[in-house]
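Residues per chain are reported as follows:
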Amino acid sequence: METKIPGFRALQEYQEYPEAEMRRRAADFAAELARRRTVRHFAERPVSREIIDDCLRAAGTAPSGANRQPWHFVLVSDPDTKRRIREGAEREERQFYADRAPEEWLAALAPLGTDENKPFLEAAPFLIAIFAQSYAIGPAGERLKNYYVTESVGIATGFLIAALHHAGLASLTHTPSPMGFLNDILGRPANERPFLLLVVGYPADDALVPEIGRKELEEIVSRVEGEGCV
Ligand code: IYR
């Protein structure tokens, strides 16, 4: 009989699979994620909010520094708010493409075919503005330090993108810079910094994607192997 350690309980959630099933699951998951493409042309077709809510639930399961869960998601489907976000983003992007971006950056973006026009911010049924809480506010209004905020919110965002794709939706990670206008439009407090704007919906019937590839496994992995490797 195990003695109970206060604040701890047995791990009940973990599930092990037979080896053959593990192999299949790992390969299937890799193949499914490999089919994900960032999309910039969205259909105006509506998407059920419950589906997005489940994807946000998945995002909220991400690990975080000291379990502070330093993220906040604003789900926007209101047309007027989408229009204001588009205006704010295009204002920044016009400056970015005209003056702020160095030549080297513009050259790196050329294969993606992006410019300062962001019609998808109004066409897509949902925008998800993701905020990172640099610090939390305690019960007495005091500042509580958060840890590894960027890493934590990055992981949650990765879960969200994977969940949306798994559900059969397309997304675009959009980062107009600077993004402070999102705090104003969405009424978010000073302890939250805009992290990323995710555009979500069905791809347009005539959506095009750039012909770009992914690095091969051996380009992104090196190995230091030992006995534990079977
Ligand atoms: N934020 C700009 C520019 C841009 C930057 C990167 I890095 C990209 O991968 C894509 C675009 C825009 O959205 O156009």
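Whatever comes next refers back to the structure up there.
Right, let's walk through the structure included here. (Residues numbered from 1 in each chain as written. Predicted model: local features only at pLDDT ≥ 70, side-chain atom pairs only at ≥ 80, totals over all residues. Heavy atoms only, no water.)

1. A short note on the pairing of strand E6 (residues 192-201)
Part 1: Among the 10 residues in E6, nine count as buried, and that is most of the element.
Part 2: The pairing of strand E5 (residues 170-174) with E6 spans five bridges and is antiparallel. Within the sheet, the bridge partner assigned to Ser-171 lies in E6 and is Val-200. (Buried < 20%, exposed > 50% of the residue type's maximum accessible area, 1.4 Å probe, protein only. Helix = DSSP H or I, 4+ residues; strand = E, 2+ residues; numbered from the N terminus. Pairing = 2+ DSSP bridges.)

2. Quick notes on the site of the ligand
Part 1: The immediate surroundings of the ligand are formed by Glu-93, Phe-96, Tyr-97, Trp-105, Leu-109, Leu-112, Thr-114, Asp-115, Lys-118, His-174 and Thr-175.
Part 2: Between the ligand and Glu-93 there is a distance of 2.9 Å, counted from a nitrogen atom to a side-chain nitrogen or oxygen.
Part 3: In this structure, His-174 approaches the ligand through a side-chain N or O atom, which is 3.2 Å from an oxygen atom.
Part 4: Of all the secondary structure elements, the ones that give two or more residues to the shell around the ligand are helix H3 (79-100) and helix H4 (103-109).
Part 5: By residue number, the principal contributor to the shell around the ligand is H3, which donates three residues.
Part 6: Along the lines of polarity and charge, the residues of the shell around the ligand split into five nonpolar, three polar and three charged. (Near = heavy atom within 4 Å. Polar contact = N/O pair within 3.5 Å; in protein donor to acceptor, adjacent residues only side chain to side chain. Nonpolar A, V, L, I, M, F, W, Y, C, P; charged D, E, K, R; others polar.)

3. Some details on the sheet that holds strand E2 (residues 126-133)
Part 1: Spatially, the four strands line up as an open sheet ordered E1-E2-E6-E5, and their pairing is antiparallel. Whereas interior strands pair on both sides, the edge strands pair on one side only; in this sheet they are strand E1 (71-76) and E5. Neighbour to neighbour, the strand axes of the sheet diverge by 25° on average, direction disregarded.
Part 2: Where E2 meets E6, eight bridges bridge the pair, whose relative direction is antiparallel. By the bridge assignment for E6, Ala-132 is matched with Arg-193.
Part 3: Of the strands in this sheet, E1, E2 and E6 touch helix H2 (residues 49-59), which is tilted by about 170° from E1.
Part 4: Relative to E6, helix H6 (residues 149-167) is tilted by about 10°, and along the sheet it contacts E1, E2, E5 and E6. (Axes fitted to C-alpha atoms, helices over the stretch in contact; angles between N-to-C directions. Contact = heavy atoms within 4.5 Å.)

4. Describing the packing of aromatic side chains
Part 1: Throughout the structure, instances matching the rule amount to two aromatic pairs.
Part 2: Ring centres 5.1 Å apart and planes at 85° place the aromatic pair Phe-96 and Tyr-97 in the edge-to-face group.
Part 3: Tyr-97 sits in the buried class, given a relative accessible area of 18%.
Part 4: With a centroid separation of 4.8 Å and an interplanar angle of 85°, the aromatic rings of Phe-96 and Trp-105 are classed as edge-to-face.
Part 5: Cation over ring: Arg-45 sits above Tyr-202, and NZ or CZ is 3.7 Å from the ring centre.
Part 6: Over the aromatic face of Tyr-135 sits the side chain of Arg-143, whose NZ or CZ is 4.1 Å from the ring centroid. (Phe/Tyr/Trp six-rings, centres within 6.5 Å; stacked < 30°, edge-to-face > 60°. Lys NZ or Arg CZ within 6 Å of the ring centre and 35° of its normal.)

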